[in-house]
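Descriptive analysis of the structure
Here is how the chains run, residue by residue.
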There are 4 protein chains.
Amino acid sequence: MLSFESDYTEGAHEKILEKLLETNREQLPGYGKDIYCQNAKEKIQALCHCENGEIAFLAGGTQTNATVIAALLHCSEGVIAASTGHISLHEAGAIESSGHKVLEIPGHCGKIKSKELRDFLQTFWSDQNRDHMVYPGMVYLSHPTEYGTLYGAKELQEISTLCRQYKIPLYLDGARLGYGLTAENTDVTLPLLASLCDVFYIGGTKVGALCGEAVVFTKNNMPKHFTNIVKQHGALLAKGRLLGIQFDCLFTDNLYFEISAHGNRMAKKLKEVFLKYGFSFYLESPTNQQFIILNNHQLEKLKKHVSFSFWERLKEQETVVRFATSWATKEEDIQALDSLLSTIL
Amino acid sequence: MLSFESDYTEGAHEKILEKLLETNREQLPGYGKDIYCQNAKEKIQALCHCENGEIAFLAGGTQTNATVIAALLHCSEGVIAASTGHISLHEAGAIESSGHKVLEIPGHCGKIKSKELRDFLQTFWSDQNRDHMVYPGMVYLSHPTEYGTLYGAKELQEISTLCRQYKIPLYLDGARLGYGLTAENTDVTLPLLASLCDVFYIGGTKVGALCGEAVVFTKNNMPKHFTNIVKQHGALLAKGRLLGIQFDCLFTDNLYFEISAHGNRMAKKLKEVFLKYGFSFYLESPTNQQFIILNNHQLEKLKKHVSFSFWERLKEQETVVRFATSWATKEEDIQALDSLLSTIL
Amino acid sequence: MLSFESDYTEGAHEKILEKLLETNREQLPGYGKDIYCQNAKEKIQALCHCENGEIAFLAGGTQTNATVIAALLHCSEGVIAASTGHISLHEAGAIESSGHKVLEIPGHCGKIKSKELRDFLQTFWSDQNRDHMVYPGMVYLSHPTEYGTLYGAKELQEISTLCRQYKIPLYLDGARLGYGLTAENTDVTLPLLASLCDVFYIGGTKVGALCGEAVVFTKNNMPKHFTNIVKQHGALLAKGRLLGIQFDCLFTDNLYFEISAHGNRMAKKLKEVFLKYGFSFYLESPTNQQFIILNNHQLEKLKKHVSFSFWERLKEQETVVRFATSWATKEEDIQALDSLLSTIL
Amino acid sequence: MLSFESDYTEGAHEKILEKLLETNREQLPGYGKDIYCQNAKEKIQALCHCENGEIAFLAGGTQTNATVIAALLHCSEGVIAASTGHISLHEAGAIESSGHKVLEIPGHCGKIKSKELRDFLQTFWSDQNRDHMVYPGMVYLSHPTEYGTLYGAKELQEISTLCRQYKIPLYLDGARLGYGLTAENTDVTLPLLASLCDVFYIGGTKVGALCGEAVVFTKNNMPKHFTNIVKQHGALLAKGRLLGIQFDCLFTDNLYFEISAHGNRMAKKLKEVFLKYGFSFYLESPTNQQFIILNNHQLEKLKKHVSFSFWERLKEQETVVRFATSWATKEEDIQALDSLLSTIL
């Protein structure tokens with residue numbers, strides 16, 4: 001069956017698998033001390049224009065968020081996030097499980113507004129009872145957001161400025177960063193992120209890797225004993241090579257950006273198909289996740305022929321669903337969707 | 001350089017990589033709901049003679065231990081382990097980080113003694129202040145232990161009986177289980193483990209997989225919401241296929257057992273080589289980890305030509321080192337070691 | 001200076017201090033095993049019409065909430081509360097510090113609505129991704145709320161019914177329960193609470209005790225090893241007599257209810273004074289906390305002569321403040337306030 | 001019945017109760033911001049010759065240990081303690097519950113040896129796998145120990161020097177500090193503790209208070225947001241006056257030291273009585289806890305007439321029991337014990 005269910009339904013880009021096979025019998029030290037991890041780090045430093053950037057590779061997004069946030073927060077602190085943020089909603093309480101509150105502020109199509117962030121911080125710091133409250137110790141953004149939307153450079157600049165003013169780190173979750181960096185008209189680049197964020201991660205799992213996320217501490221601010229903290233969170237792979245080789249490969253010959261751009265192109269075509277048949281979109285997404293409004297009739301018919309994700313009920317008769325493209329989506333898939341829509345509607 | 005540093009210095013058995021490549025473009029559901037995870041589960045159930053066994057795949061050993069232990073313990077409880085156990089010493093406090101104490105009892109070449117376990121439990125339950133103490137809520141064993149040693153069926157039976165008497169689960173960490181199950185003269189089998197343990201895991205990372213451990217709950221006792229707990233611990237891979245495919249492959253055509261037996265054979269040859277040159281062993285290990293006593297002179301000479309692990313200082317002049325073989329060790333490696341020893345000593 | 005700052009500005013009701021003095025040299029067992037704790041428990045059981053009620057005494061509200069919630073929740077679960085609830089806002093992240101998320105739903109003058117609770121639970125249980133979310137494992141109410149408001153019996157009944165339907169406990173935080181139970185026109189009684197809640201606590205600190213809260217598990221549902229959990233949370237006083245004697249005293253000769261009713265009477269008079277001078281109230285509170293809207297001019301003038309609590313900024317020119325009466329408020333205090341208002345306005 | 005069960009079987013020194021009564025109706029700010037807390041802090045600063053000492057009052061020992069340790073440790077760190085330390089054995093896992101391991105080293109009559117501490121630290125820091133281990137982040141001592149024994153100034157000096165060398169704080173649990181400071185021949189004083197420790201607490205609960213411990217940060221090193229951390233641990237009393245008034249009273253006119261010295265004098269007399277009848281002591285304790293070896297016959301006879309604490313079984317026929325005196329022990333109690341022993345033996 002045709003599937004636009006997510007960007008993690010296939011394995012890995014074939015170049016990655018080939019590299020794994022090619023290097024398979026090399027004897028390498030464990031726990032991320034191998035040459036491929038080193039190579040990947042240097043490539044990321046260069047791409048970020050951040051030669052002192054400190055980089056660590058972890059296996060998945062939730063463990064990365066939990067580890068980084070626990071490592072950076074003081075025990076009196078929580079992390080500010082959009083109420084729709086991944087750490088707020090869909091990480092099974094991993095942040096709280098490490099002892100920290102997620103301080104939710106409104107999400108607007110997945111994004112927080114710097115004005116509301118400022119208000120939150122001002123209100124907190126002027127509250128005489130703040131010793132009875134959770135100190136805001138960090139700001140968490142996802143980019144692209146869980147709704148596929150993107151911050152602009154100016155928005156990030158404003159948020160970053162606020163973080164510096166309040167002396168708290170800015171952390172950006174880039175689980176789908178490739179799709180964000182290669183979106184049309186975006187003015188956000190890796191060097192910009194490295195300059196505005198204190199730490200961010202470059203997602204691999206959803207951008208062509210089997211697994212793996214690359215955390216970048218940009219300000220000489222990797223917390224002390226960070227490898228230990230990664231280990232404590234169960235996030236230190238014995239065969240760290242698995243992550244190093246993948247990221248080394250993704251950042252060779254522009255692969256990461258090419259396959260991300262491909263995912264976005266497929267999303268644009270998918271969008272055009274839906275528009276052609278008169279569908280409405282829940283919001284405007286420039287990346288690989290598209291949110292389409294279906295009425296009950298359409299929902300029932302479509303789900304027999306194509307798989308996608310249920311997102312949320314909008315009204316009694318309408319549902320928001322997500323169609324995701326990826327590095328692995330083929331032109332034929334889009335054409336098949338077009339044919340399908342022309343047939344069943 | 002020749003390396004006997006660990007059993008995780010190479011990638012994965014080539015059959016696994018081939019299978020990953022072969023299935024790469026199949027569109028599969030995420031988070032362990034794919035057909036390969038299902039196949040692997042059924043094969044494990046059959047091998048364990050445990051058709052109701054509930055199985056989950058996680059990426060690494062520390063995260064498996066932390067997740068299983070947190071999921072099974074009540075908030076008033078800790079886990080009993082040998083003082084040399086992996087959870088006691090080498091998991092960076094992952095168990096305590098989940099809020100639970102590791103209740104250490106003596107390790108004897110890595111093993112606990114049922115008599116000392118009984119004493120510990122009896123003393124605890126007869127202590128009138130036990131409400132001020134940590135309740136023993138589980139017993140943790142590693143098999144093979146961190147010293148390569150093995151429990152016999154009778155020893156496991158005694159420990160299991162004690163656990164049932166005190167109504168606490170028995171958990172066995174099988175990070176290197178393959179080497180244990182295929183050791184010469186062992187009377188411990190998968191069905192025996194399934195019958196004596198409440199939960200155990202079959203290690204993949206150190207037995208030919210890129211990563212991955214298979215947790216088996218044997219008594220219809222998988223904790224409620226276990227997938228959620230795995231997610232909360234950052235241990236739920238989006239591309240669960242990576243684990244399913246590997247274990248499916250490892251449990252096809254006896255691969256897991258063949259490559260483990262190979263590792264043990266190589267260890268036996270390695271042992272013979274060292275014995276030939278008059279070296280002493282710190283203890284008798286029937287599996288792939290061998291602990292050799294080197295004097296300072298030998299240590300200095302050897303480490304220039306072959307890599308291995310420093311284990312512990314024995315006396316001023318003597319050090320225990322670990323040589324590990326694995327599924328990937330080649331006959332030539334053993335021969336090279338023999339030549340080396342004949343040359344440098 | 002005249003003070004209506006809180007209900008914990010004085011020490012304890014004198015009968016309590018006398019009883020402490022009278023019993024001072026009795027040699028009593030520690031940790032809550034003394035006869036006064038036993039007496040107090042029996043009196044509470046009788047008042048609740050709950051002869052099997054299991055009761056424990058803790059020193060303060062935050063520790064009580066953290067201990068009870070941690071003891072009752074599974075590691076996959078969080079606690080539903082109003083976004084204005086004490087555990088959501090003013091306990092410094094104590095709940096998250098134990099590893100559990102506070103699942104916030106809207107507060108309406110401090111109260112949650114059963115309709116919104118039902119929607120939350122239905123939405124959660126129909127979400128296919130719920131294994132990636134925090135399971136709702138408990139409902140937390142405060143009564144009186146942080147805004148002095150009260151649930152009616154029918155509202156509590158609806159919430160309790162929902163909790164039973166979803167098989168999660170209902171927990172009621174009664175830090176100021178005395179003022180709630182003796183409010184005019186309330187139809188909520190101790191036996192009703194014992195029947196509808198799975199656990200609740202009767203507040204002492206704010207109702208005439210030096211410190212102390214009495215937790216009542218009403219359904220034979222005290223978690224196993226509860227004393228141990230209390231100890232683990234640092235909430236087990238060595239001299240448990242301090243709590244037992246106070247509650248024994250508070251529940252002798254109706255003292256708890258009399259002094260609470262006095263606090264409410266003083267609040268009513270205070271309200272009349274403010275109304276006489278034309279002030280508006282932020283909301284209608286039938287208990288000892290009154291929320292008054294002051295413009296900036298009034299605020300500046302008043303705070304020179306009387307102390308009260310700043311609550312929240314309403315608009316540029318208006319602020320909500322809290323005046324609290326208590327068991328210790330004297331008629332003269334109200335008269336002094338009246339004089340003050342007549343003078344300075 | 002005659003009781004030497006513990007030092008918390010009575011209420012509080014009468015001067016404390018009188019002071020509570022005398023100040024009862026004063027309206028004071030909550031949460032430790034009252035004048036009595038302030039007065040008590042100044043008195044403690046003066047006694048410690050530590051005018052910049054930062055002081056906080058908590059209600060009990062376990063909560064104090066858990067709060068201070070969690071506040072000072074980094075998430076990668078654990079606390080070194082004697083295996084017989086209170087935090088190791090008798091706080092129901094409170095330290096682990098905050099996510100930190102207790103790193104146990106041998107206890108010798110309750111004390112750690114600086115030599116063994118040095119070895120532990122050296123071994124850790126020379127271990128190449130230390131990133132997989134728990135970093136030693138603090139040293140915990142109790143003084144008097146759980147066995148009533150005391151460190152000498154020289155021993156404390158050596159331990160303190162090691163802590164500074166390894167840049168980790170030294171924390172001393174003074175639950176029974178009064179008895180330690182007033183023991184015969186001790187050379188440890190409050191100013192010495194303030195100079196050698198980074199933080200310590202002066203116990204109130206077991207030295208004449210109803211409850212309460214005074215934490216002293218001696219090096220301008222109170223962790224940021226400490227009040228918040230205390231609140232998060234449920235250890236911030238609303239009526240902080242309860243603690244302030246008690247410590248103010250204890251440190252007025254030398255009361256704390258006088259009543260402690262009395263407890264020690266009673267212990268000395270108790271010891272003489274036991275010696276007179278030929279009993280052996282398990283160890284030599286200069287403070288208010290005495291550990292006596294009883295054979296089974298003596299144990300059975302004695303426990304019918306006097307209450308004491310069972311400590312540990314020594315051999316089949318012998319048991320160690322604890323007799324504790326306190327500020328509240330009366331000369332007549334010792335005489336009654338003498339008569340009893342003369343009668344029943």
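On a predicted model such as this, the values are computed, not experimentally measured, just so you know. Residue numbers restart at each chain and count upward from 1, following the sequence in its written direction. Lettering of chains starts at A and numbering of ligands starts at 1, both following the order in which they are written. Under the rules for a predicted model, residues below a pLDDT of 70 receive no local features and side-chain atom pairs below 80 are neither given nor counted, while totals for whole chains, interfaces and linings still include all residues.

**Points about the overall build of chain A**
For chain A, the count of helices and strands is 14 helices and 13 strands. Here the globule rule reads 2.2 Å times residues to the power 0.38, and the radius of gyration is calculated from C-alpha atoms. For chain A, the C-alpha radius of gyration of 21 Å lies close to 20 Å, the compact-globule estimate for 345 residues. When its C-alpha atoms are laid out on the principal axes, chain A stretches across 60 × 60 × 35 Å. The contacts of chain A with a sequence gap of at least 6 include a subset with a gap of at least 24, amounting to 74%. Secondary structure elements follow DSSP: runs of H or I no shorter than four residues count as helices, runs of E no shorter than two count as strands, and numbering proceeds from the N terminus. The contact rule is simple: place each C-beta atom from the backbone, and if two of them lie within 7 Å, those residues are in contact.

**Here's the deal with the relation of the copies chain B and chain A**
Only residues with pLDDT of at least 70 in both copies count here: their C-alpha atoms drive the least-squares fit that superposes the copies. After a rotation of 180° and a shift along the axis of 0.0 Å, chain B superposes on chain A with an RMSD of 0.0 Å. Considering both components of the superposition, the chain copies are consistent with a two-fold axis.

**Re the sheet that holds strand β13 (residues 318-324) of chain A**
Paired through backbone hydrogen bonds, the strands of a sheet run either parallel or antiparallel to each other. Residues and elements named next belong to chain A. The rule for pairing is simple: two strands pair if DSSP sees at least two bridges between them. Spatially, the 4 strands line up as an open sheet ordered β9-β10-β13-β12, and their pairing is antiparallel. Two strands in the sheet have a free side with no partner beyond their single neighbour: β9 (280-281) and β12 (309-313). Of the strand pairs in this sheet, β12 and β13 are connected by 4 bridges, and their pairing is antiparallel. Residue pairing for β13: Ser309 is matched across the bridge by Arg322.

**Focus: the domain arrangement of chain A**
All names here are of chain A. Residue ranges labeled as domains rest on an automatic or database domain assignment. For chain A, the assigned domains are domain 1 (2-7 + 255-344) and domain 2 (14-250). Centre-to-centre, using C-alpha coordinates, domain 1 lies 27 Å away from domain 2. Residue-level contacts link 18 residues of domain 1 with 21 residues of domain 2. With 8 residues, the top contributor of residues to the side of domain 1 that touches domain 2 is helix α12 (residues 255-276). Basically, the charged four are Asp, Glu, Lys and Arg, the nonpolar ten are Ala, Val, Leu, Ile, Met, Phe, Trp, Tyr, Cys and Pro, and anything else, Gly included, counts as polar. For the side of domain 1 that touches domain 2, the residue count by class is 9 nonpolar, 8 polar and 1 charged.

**Thoughts on the pairing of strand β10 (residues 289-295) of chain A**
All names here are of chain A. In terms of residue burial, β10 counts as a mostly covered element, since 5 of its 7 residues are buried. Pairing of β9 with β10, which is carried by 2 bridges, proceeds in the antiparallel orientation. Directly across from Ser280, in β10, lies its bridge partner Ile293. Taken together, the 7 bridges between β10 and β13 define a ladder with antiparallel strand orientation. Each residue of the ladder has a partner; that of Gln289, found in β13, is Ala324. Partly exposed residues are those whose C-beta has more than 12 but fewer than 20 other C-beta atoms within 10 Å; with 20 or more the residue is buried, with 12 or fewer it is exposed, and the C-beta atoms are placed from the backbone.

**Topic: the interface of chain B and chain A**
Taken residue by residue, the interface counts 42 residues in chain B and 41 residues in chain A. Of all elements in the fold, only α1 (14-22), α3 (61-72), α5 (94-97), α10 (226-232) and α11 (241-250) of chain B reach the threshold of two or more residues within the side of chain B that touches chain A. Element by element, the count of residues in the side of chain B that touches chain A is highest for α1 of chain B, at 4 residues. Here the side of chain B that touches chain A is composed, by residue class, of 17 nonpolar, 18 polar and 7 charged.

**A look at the nonpolar core**
Each nonpolar core reported here comprises buried Ala, Val, Leu, Ile, Met, Phe, Trp, Tyr and Cys residues connected via C-beta atoms within 7 Å. Counting residues in each nonpolar core, the largest one holds 379 residues, and the members touching the most others are Val216 of chain A, Val216 of chain B, Val216 of chain C together with Val216 of chain D. When neighbours within four sequence positions are excluded, Val216 of chain A is seen to be in contact with Ile44, Cys48, Gly53, Ile55, Ala194, Val199, Phe200, Tyr201 and Ile202 of chain A.

**What about the interface of chain D and chain C?**
Between chain D and chain C, the contact holds 41 residues from the first and 42 residues from the second. When residues of the side of chain D that touches chain C are traced back to their parent elements, those giving at least two are α1 (14-22), α3 (61-72), α5 (94-97), α10 (226-232) and α11 (241-250) of chain D. Tallied by class, the residues present in the side of chain D that touches chain C amount to 16 nonpolar, 18 polar and 7 charged.

**Some thoughts on the sheet that holds strand β3 (residues 77-82) of chain D**
Residue and element names in this part refer to chain D. Read across the sheet, 7 strands follow the order β2-β8-β7-β6-β5-β3-β4 without closing on themselves; strand pairing throughout is mixed. Only two strands of the sheet have a single partner each, and these edge strands are β2 (54-58) and β4 (102-105). Neighbour-to-neighbour, the strand axes of this sheet turn through a mean angle of 25°, independent of strand direction. Axes, fitted as lines to C-alpha atoms, cover a helix only where it is in contact. Angles between the N-to-C directions of the axes lie from 0 to 180 degrees. The strands touched by α3 within the sheet are β2, β3, β5 (135-142), β6 (170-174), β7 (199-203) and β8 (213-217), with β8 carrying the most contacts at an inclination of about 20°.

**Topic: the packing of helix α2 (residues 35-47) of chain D against α11 of chain D**
Residues and elements named next belong to chain D. Between α2 and α11, the least distance of the axes is 7 Å, while the angle of their chain directions is 40°. On the basis of their axis angle, the class for α2 and α11 is oblique. Considering only the axes of α2 and α11, their crossing is left-handed. Between α2 and α11, the residues in contact are Tyr36, Cys37, Asn39, Ala40 and Lys43 and Arg241, Leu243, Gly244, Ile245, Phe247 and Asp248, respectively. For classification purposes, angles smaller than 35 degrees are called roughly parallel, those larger than 145 roughly antiparallel, those between 65 and 115 roughly perpendicular, and all remaining angles oblique. By definition, turning the near helix anticlockwise from the far helix through less than a right angle yields a left-handed crossing, and turning it clockwise yields a right-handed one.

**Concerning helix α12 (residues 255-276) of chain B**
Residues and elements named next belong to chain B. The terminal C-alpha atoms of α12, which comprises 22 residues, lie 32 Å apart, in line with the 32 Å expected from a rise of 1.5 Å per residue. Looking at α12, one finds that the buried residues are Tyr256, Ile259, Ser260, His262, Gly263, Asn264, Met266, Ala267, Leu270 and Phe274. Contacts from the buried residues of α12 go to α8 (177-181), α11, β10 (289-295), β13 (318-324) and α14 (331-344). Expected span of a helix: the number of residues minus one, times 1.5 Å.

**Digging into unusual backbone geometry**
The residue after His143 of chain B, namely Pro144 of chain B, is reached through a cis peptide bond having omega -10°. By the element assignment, Pro144 of chain B lies in the loop between β5 (135-142) and α7 (153-165). With a phi angle near 55°, Asn220 of chain A is a residue other than glycine that sits in the positive phi range. Within the secondary structure, Asn220 of chain A sits in the loop between β8 (213-217) and α10 (226-232). Positive phi values are uncommon outside glycine, yet Tyr31 of chain D reaches one of about 60°. Counting through the fold element by element, Tyr31 of chain D comes out in the loop between α1 and α2.

**Here we look at the confidence of the model for chain A**
Along the chain, pLDDT gives the predictor's confidence residue by residue, from 0 to 100. In the predicted model, chain A carries a mean pLDDT of 97, and 100% of its residues have values of at least 70. Interface confidence for the predicted complex, given as ipTM, is 0.97, next to a pTM of 0.97.

**Thoughts on the pairing of strand β2 (residues 54-58) of chain A**
Residues and elements named next belong to chain A. In terms of residue burial, β2 counts as a mostly covered element, since 4 of its 5 residues are buried. Across 5 bridges, the pairing between β2 and β8 is antiparallel. Pairing of Ile55 across the sheet is with Val216, part of β8.

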